[in-house]
Amino acid sequence: MTAINPNSSNGDSDGERDVALHGAVIVAAVPGQSGRVMREGAHFARLMQAPLVIVHVDMTRFVTYEDPDGYVHSAPIDIDITPGAAELDSVRQAAHDALDAKGVAWELRQLVGDPAIALKNFAERLDAKLLVVGTRDRGIGESIREFFTGSVAARLAHRQHRPVLVVPLGTAASDDEDIWPEE
């Protein structure tokens with residue numbers, strides 16, 4: 001599995017901790033993303049009486065192997081790239097900012113590898129009730145990336161049976177707007 005627990009200080013393995021998260025609502029988070037995505041996930045977790053798990057996927061690392069107790073060994077894609085610790089810290093701070101003042105209990109996890117595959121596998125492991133993702137910027141670079149790789153939301157929707165809630169962010173494109181802006 002691709003879960004790395006950045007908060008583990010009590011010696012429990014991720015497998016043991018995952019039992020308490022059975023049926024969770026999983027929110028995929030990236031640095032700089034609007035807190036709305038986490039708040040929407042928290043809203044649905046409360047409605048479903050389910051645990052809330054905020055997940056960041058470090059795409060600079062890949063899984064090398066997994067121990068039977070669920071501990072994941074990973075390696076960086078490029079030896080010169082530092083792990084996504086700074087990104088994880090950013091996501092952690094965003095979760096604190098968006099959820100703590102509202103009294104929402106949440107757990108943070110970091111996954112590694114391809115975001116859609118890592119989220120799908122983690123959702124299967126927890127038997128998640130719902131996956132929550134946000135939309136991305138509509139810039140030309142993001143449009144090209146999605147053309148070649150597909151959006152995480154679309155890839156999730158086609159690779160597993162759970163509902164995927166896509167939270168729109170930013171300004172919506174009008175019906176007649178060209179989503180491939182000219183340079």
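Residues numbered from 1 in each chain as written. Predicted model: local features only at pLDDT ≥ 70, side-chain atom pairs only at ≥ 80, totals over all residues. Heavy atoms only, no water.

The next subject is the packing of helix α4 (residues 115–126) against helix α6 (residues 152–159). As a packed pair, α4 and α6 sit with axes 9 Å apart at the nearest point and diverge in direction by 45°. Taken together, α4 and α6 sit at an angle that is classed as oblique. Judged by the sense of rotation from one axis to the other, the crossing of α4 with α6 is right-handed. Side by side, α4 and α6 meet where Pro115, Ala116, Ile117, Leu119 and Lys120 of the first sit next to Val152, Arg155, Leu156 and Arg159 of the second. Looking at the contact of α4 with α6, its residues break down into six nonpolar, no polar and three charged. (Axes fitted to C-alpha atoms, helices over the stretch in contact; angles between N-to-C directions. Helix = DSSP H or I, 4+ residues; strand = E, 2+ residues; numbered from the N terminus. Parallel < 35°, antiparallel > 145°, perpendicular 65-115°, else oblique. Left-handed = near helix turned anticlockwise from the far one by under 90°. Contact = heavy atoms within 4.5 Å. Nonpolar A, V, L, I, M, F, W, Y, C, P; charged D, E, K, R; others polar.)

Position of Asp18 relative to the elements: it lies in helix α1 (residues 14–19). In contact with Asp18, not counting residues within four places along its chain, are Arg109, Phe122, Arg125 and Leu126.

With that settled, consider the pairing of strand β2 (residues 25–28). A two-sided burial pattern is seen for β2, the buried positions comprising Val25 and Val27 on one face and Ile26 and Ala28 on the other. Here β2 runs beside strand β3 (residues 52–58); their pairing, made up of four bridges, is parallel. For Ala28, the partnering residue across the bridge sits in β3 and is Val55. In terms of handedness, the path from β2 via helix α2 (residues 36–48) over to β3 forms a crossover that is right-handed. When β2 meets strand β7 (residues 130–134), the two strands line up parallel, connected through three bridges. Residue pairing in the sheet places Val25 in a bridge with Leu130 of β7. (Buried < 20%, exposed > 50% of the residue type's maximum accessible area, 1.4 Å probe, protein only. Pairing = 2+ DSSP bridges. Right-handed = clockwise from strand over helix to strand, strands pointing away.)

Moving on, we get to unusual backbone geometry. Non-glycine residue Gln49 carries a positive phi angle of around 50°. Structurally, the position occupied by Gln49 is in the loop between α2 and β3. With relative accessibility at 75%, the residue Gln49 sits in the exposed group. At Asp127, a position not held by glycine, the phi torsion is positive, near 50°. As for its placement among the helices and strands, Asp127 is situated in the loop between α4 and β7.

To continue, consider the confidence of the model for the protein chain. The predicted structure's coordinates, where accompanied by low pLDDT, should not be read in detail. Residues with a pLDDT of 70 or more make up 64% of the protein chain, whose mean pLDDT is 77. Within the protein chain, the element-level pLDDT minimum falls on strand β1 (residues 3–4), averaging 42, and the maximum on β2, averaging 97. A low-confidence stretch, residues 1–11 stays under pLDDT 50, and its non-local contacts, those more than four residues away or across chains, total 39 contacts. Predicted confidence is poor over residues 140–149, with pLDDT under 50, and the contacts of this stretch with residues over four places away or in other chains come to 13 contacts. (pLDDT = per-residue confidence, 0-100.)

Among all positions of α6, only Ala153, Arg155 and Leu156 are buried. The arc enclosing the buried residues of α6, seen along the axis, measures out at 165°, which places them on a common side. (Arc of directions from axis to C-beta.)

Next up on the list: the packing of α2 against helix α3 (residues 85–99). The geometry of α2 relative to α3 is characterised by a closest axis approach of 9 Å and an angle of 60° between their N-to-C directions. Considering the angle they form, α2 stands oblique to α3. The way α2 lies across α3 gives a crossing that is right-handed. When α2 is examined against α3, the residues Met38, Arg39 and Ala42 are found in contact with a partner set consisting of Val91, Ala94, Ala95, Ala98 and Leu99.

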